[in-house]
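# Observations on chain architecture
Listed here are the chains, written in short residue letters.
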Amino acid sequence: MLIFLCLCSWSLAGVCGVEVKSVFITEGDSVTLESALAEIQSGDLIMWRFGAKKEILLATYSRKDNKAETVYGSDGRFRDRLQLDSQTGSLTITNSRISDSGLYTVTSINSDIPLNTFNITVYARLPVPVISNSSSVQYCSVVCSVVNVSTVSLSWYKGNSVLSSISVSDLSISLSLPLEIDCLNDFYSCVVNNPISNETTQYNNTGLCQPCPDITLLQKVWIISAAGSLLILAAVVIFCFLIKRKNTKQEVQTHNTEITYADPTFYKKTPRKTRAAETDDVVYVGVARR
């Protein structure tokens, strides 16, 4: 499979101010590095070099007097795996290896600065995770394992949720990640991934853990009765709470009743005059007998 530069490209602090383009590929894939030239002109000389100090000459291409010549470097790691485009000067690396990771620079005799600079990272091809069991009870433990991996994460998923995860950046290491699972028929999966790819194995409960026991009719009746009792208990508690709250509210209202006191007004009582006192003069009249 041919992987082009469009996979990933971003800027770094390049050599002599040139943009460094990052490329990520999987081991065994092919990648084409563009020279940035539409066509090589007559008299031009294109050179591809590898390494932080451009110490390894990979290939050169020259066109002079209608004669083209391609010369590949003698470094053994790229032997028979390089192809140079005679029109544009682009370089293709086939059957990539982990050791191919590093800086690649293309220069032209007609330019004072590099035409292009690439930073390639080659990741190992991921193995398929293997799931095995370590017990056989209602709550059993299963283990997901991968071997000979580097710069990866190993994770357990329940649906789309991550349950546990472990990461490593060492080379050629084996990873194992246990998980305790109950007898419920949930969907579990183990995923190993690096920045550009992943491999997944679905968990199959058959033969690894004991299946969930069937619920008998008596158990169903017990469960329903227990649920009903809980509902009745909850209703009683709520009723008692409401009654207590009502009584408390009434007591608070009684204590908060306002009493209004009125100031008394006293009036002076006038003594009554007797009838005899009302007459100042008394006239006596004589009575004649016959």
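These lines cover the structure that appears in this document, whether it is placed above or below. (Residues numbered from 1 in each chain as written. Predicted model: local features only at pLDDT ≥ 70, side-chain atom pairs only at ≥ 80, totals over all residues. Heavy atoms only, no water.)

### Structural notes on the overall build of the protein
Scanning the protein for helices and strands turns up 2 helices and 17 strands. Residues counted as buried form 29% of the 290 residues belonging to the protein. A separation threshold of at least 6 residues defines the contact pool for the protein, and within that pool the share at least 24 residues apart is 55%. When the accessible area of the protein is evaluated, it comes to approximately 20,500 Å², of which 55% is carbon and sulfur surface. (Helix = DSSP H or I, 4+ residues; strand = E, 2+ residues; numbered from the N terminus. Buried < 20%, exposed > 50% of the residue type's maximum accessible area, 1.4 Å probe, protein only. Contact = heavy atoms within 4.5 Å. Areas by Shrake-Rupley, 256 points an atom, 1.4 Å probe, with all protein chains shown as cover.)

### Side note on the sheet that holds strand S17 (residues 198-202)
With antiparallel pairing, 4 strands are arranged side by side in an open sheet as S14-S13-S16-S17. Pairing within the sheet leaves two strands with one partner each, and these edge strands are strand S14 (161-168) and S17. Across the sheet, the mean angle separating the axes of adjacent strands is 15° when strand polarity is ignored. By the bridge criterion, 7 bridges tie strand S13 (residues 152-158) to S14 in an arrangement that is antiparallel. Among the inter-strand pairings, Tyr 157 is bridged to a residue of S14, identified as Val 162. (Pairing = 2+ DSSP bridges. Axes fitted to C-alpha atoms, helices over the stretch in contact; angles between N-to-C directions.)

### Structural notes on the nonpolar core
The biggest cluster of nonpolar side chains holds 22 residues, and the ones touching the most others in it are Val 31, Leu 33, Trp 48, Leu 58, Ile 93, Tyr 104 and Ile 120. Mapped onto this core, the elements with two or more residues apiece are strand S2 (20-26), strand S3 (30-33), strand S4 (45-50), strand S5 (56-64), strand S7 (82-84), strand S8 (91-93), strand S9 (102-108) and strand S10 (116-123). Residue contributions to this core peak at 4 residues, all from S5. (Core = buried A, V, L, I, M, F, W, Y, C linked by side-chain atoms within 4.5 Å.)

### Digging into unusual backbone geometry
Phi is positive for Asn 95, close to 45°, though the residue is something other than glycine. Relative to the helices and strands, Asn 95 is located in the loop between S8 and S9. For Asn 95, a relative accessible area of 44% gives the class partly exposed. At Thr 151, a position not held by glycine, the phi torsion is positive, near 50°.

### As for a nonpolar patch on the surface
A contiguous nonpolar patch, built from Ile 238, Phe 241 and Leu 242 and spanning about 320 Å² of accessible area, is present on the exposed surface. When you line up the elements, Phe 241 lands in helix H1 (residues 217-255). The exposure class assigned to Phe 241 is exposed, which follows from its relative accessible area of 52%. (Patch = residues over 30% accessible without salt bridge, like charges linked within 9 Å, V, L, I, M, F, W, Y side chains within 5 Å. Salt bridge = Lys/Arg side-chain N within 4 Å of Asp/Glu carboxyl O.)

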